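Structural overview
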Amino acid sequence: MSNTSDIHLTAVSRDIKKSACEVLVIGTGQSPDGPVLLDNPLTAKSARALTDSLPSLGITGAADEVRRFPGLPETGADVLVLAGTGRTAVGSPLTEERLRRAAGAAARQLGGVESIAVALPAATVEQAAAVAEGVLLGSYSYTEHYSSVGGKAPRPSAKTLSRVAILTAAAQDRGLKAALERAQAIGRGVNATRTLVNQPPSHLYPESFAQFARDYVKGLPVKVNVLDEKKLEKDGYGGILGVGKGSSRPPRLVKLEYSPARSKINLALVGKGITFDSGGLSLKPGAGMQTMKLDMAGAAVVLAAVAAIAQLGLPVSVSGWLCLAENMPSGTAQRPSDVLTTFGGRTVEVLNTDAEGRLVMADALAAASAEYPDAIIDVATLTGAQMVALGKRVSGVMGDDGVRDAVKAAADRVGEQFWPMPLPEELRPSLDSTVADIANIGEKFGGMMTAAVFLREFVGEVDGEKIPWAHLDIAGPAFNEGSAYGYTPKGATGVGVRTLLAYVEDVVERAEKQSA
């Protein structure tokens, strides 16, 4: 696995020889007249000659197109890489997301390289940071379980990326250092999320996840409290206990707390952490289980987000709740028509044991509400209905208008795709139970929204008003079963970490403006 904390980021101006890198990455684009070479540090003569050669070299400038060529003597780099950015309008700067994707595509396809210089057209601090993010995210790989016997393990002498130089006109800008530190925190968080999600369930289960969380925040001002099965039973966390009953590996609830002294804002983040979802006694078909190690992605996102917030020292108090359980069928598993009592006393009739994520999250939402935060956001790979409605690359966001819209704005800013969905009141009666306060399944059609309506029942009130809340369903986008693209690898994607961090940054910025 690549470790972004081991990658040294620097920013240099136009003189490429100052970076002394093995590979120089230059951008190409698609214009109405054919492929074009984007702003670059080459001499005018070399740039003209290369531009004239693009069609004969088969370069189109399309997004994700990455081609290697021998380096030019003037650059000092052994290899020249042309990275496509897609359609280009003359005089119009590339968006940060297109820069992020082009840099990521190049880094993803440059395995075995130790140092690269990236000369995409990044004139501002924000553009340079986007390029850095793309490289850090694109350089990720997960090779932990390859053996030398299978022939797939990297050679011990194989190089890994350790030095990245960003060529930018903003190299001397005082704000760039902080922007690159933020990019490093994002790379660490997203890639740690990917690694957790990629872990096989044989290795990642509630107890080992809890230990990972302890280790991951070590050295940061984050307090960790782990509730084991005995403490969960004593305190009345019936949802998490009910889901975990069928497994020989008992559940855990991990609470993370970051509380800087100057904070005046208190937020809660709740993540679904089903380390493997068989469906329980409502057993999934075999093919439906093959990727169910991904069902803890929400908890991984929350862990990474809290750590990034603490690493960057944001002036906001944040609690992170990781709801960890393994949903397995056995003689001790909960049954369809069982009734369980969640934290706070509300009862739930379990009509389908494969609708388990909402049960563990009900506990944590109620517990988080008891601390009266200013807002709650939960993240979960909650429903297959999310993919039916929005596909595999667009996540759903539901909840109170203010929080929902703020999450959408934050996602747009960082290049993650979220789409706001409603919470129709007519869905609530379908969750009525004849034997308990609520049933865990209801109306089939619009199932993503029905699940969110269920979760809303467990969000508490302050002075008679519901705590502002939003629910993020990342079921499809959390795991890429197709080919890699841009900075997104095959397998776990880490979606949601950047959006949560940006949301918190926006909350802090608004609060500072109001108090100024």
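Going by the structure above, here's the rest.
An account of the accompanying structure is given in this report.

Observations concerning the side chain of Arg404
Along the chain, Arg404 turns up in helix H12 (residues 401-414). A polar contact is formed between the side chain of Arg404 and the side chain of Asp401, at a distance of 3.4 Å. The residues contacting Arg404, other than those within four sequence positions of it, are Val397, Met398, Gly399, Pro420, Met421 and Ala470.

Some points on the environment of Thr88
Mapped onto the elements, Thr88 comes out in the loop between strand S5 (79-87) and helix H2 (96-108). Here Thr88 falls in the buried class, since its relative accessible area comes to 16%. Linking Thr88 and Gln127, residues 39 residues apart in sequence, is a C-alpha distance of 16 Å. For Thr88, the contacting residues outside a window of four places in its chain are Gly29, Gln30, Ser31, Leu38 and Arg98. Within polar-contact distance, the side chain of Thr88 engages the backbone oxygen of Gly86 at 3.2 Å.

Describing the sheet that holds strand S8 (residues 223-227)
The mixed open sheet is built from 8 strands, whose spatial order is S8-S9-S11-S10-S14-S20-S15-S16. The sheet terminates laterally at S8 and strand S16 (418-420), the two strands that pair on one side only. Ignoring strand direction, the axes of neighbouring strands in this sheet form an average angle of 20°. Sheet topology places strand S10 (residues 266-277) next to strand S11 (residues 317-327); 11 bridges connect them, and they run parallel. When the sheet's bridge partners are listed, Gly271 is paired in S11 with Leu322. Docked against the sheet, helix H14 (residues 497-515) engages S10, strand S14 (375-380), S16 and strand S20 (469-473), running at close to 170° with respect to S14.

Some remarks on helix H13 (residues 447-456)
Among the 10 residues of H13, 10 are classified as buried, and the element is accordingly described as predominantly covered. Within H13, burial applies to Gly447, Met448, Met449, Thr450, Ala451, Ala452, Val453, Phe454, Leu455 and Arg456.

Remarks on the packing of helix H3 (residues 125-138) against helix H4 (residues 176-198)
Helix packing for two helices is described by the angle between their axes and how far apart those axes are. The contact between H3 and H4 brings their axes to 9 Å, and the two run at 25°. Taken as axis vectors, H3 and H4 run roughly parallel relative to one another. Helix-helix and strand crossings are classified by hand; for H3 and H4 the assignment is right-handed. Contacts between H3 and H4 involve Val125, Ala128, Ala129, Ala132, Glu133, Leu136 and Leu137 on the former and, on the latter, Leu176, Ala179, Leu180, Arg182, Ala183, Gln184, Ile186, Gly187, Val190, Asn191 and Arg194. Looking at the contact of H3 with H4 residue by residue, the classes come out as 12 nonpolar, 3 polar and 3 charged.

Basis of the calculations
- Residues numbered from 1 in each chain as written.
- Predicted model: local features only at pLDDT ≥ 70, side-chain atom pairs only at ≥ 80, totals over all residues.
- Heavy atoms only, no water.
- Helix = DSSP H or I, 4+ residues; strand = E, 2+ residues; numbered from the N terminus.
- Polar contact = N/O pair within 3.5 Å; in protein donor to acceptor, adjacent residues only side chain to side chain.
- Contact = heavy atoms within 4.5 Å.
- Buried < 20%, exposed > 50% of the residue type's maximum accessible area, 1.4 Å probe, protein only.
- Pairing = 2+ DSSP bridges.
- Axes fitted to C-alpha atoms, helices over the stretch in contact; angles between N-to-C directions.
- Parallel < 35°, antiparallel > 145°, perpendicular 65-115°, else oblique.
- Left-handed = near helix turned anticlockwise from the far one by under 90°.
- Nonpolar A, V, L, I, M, F, W, Y, C, P; charged D, E, K, R; others polar.

In short, geometric facts, not functional conclusions.
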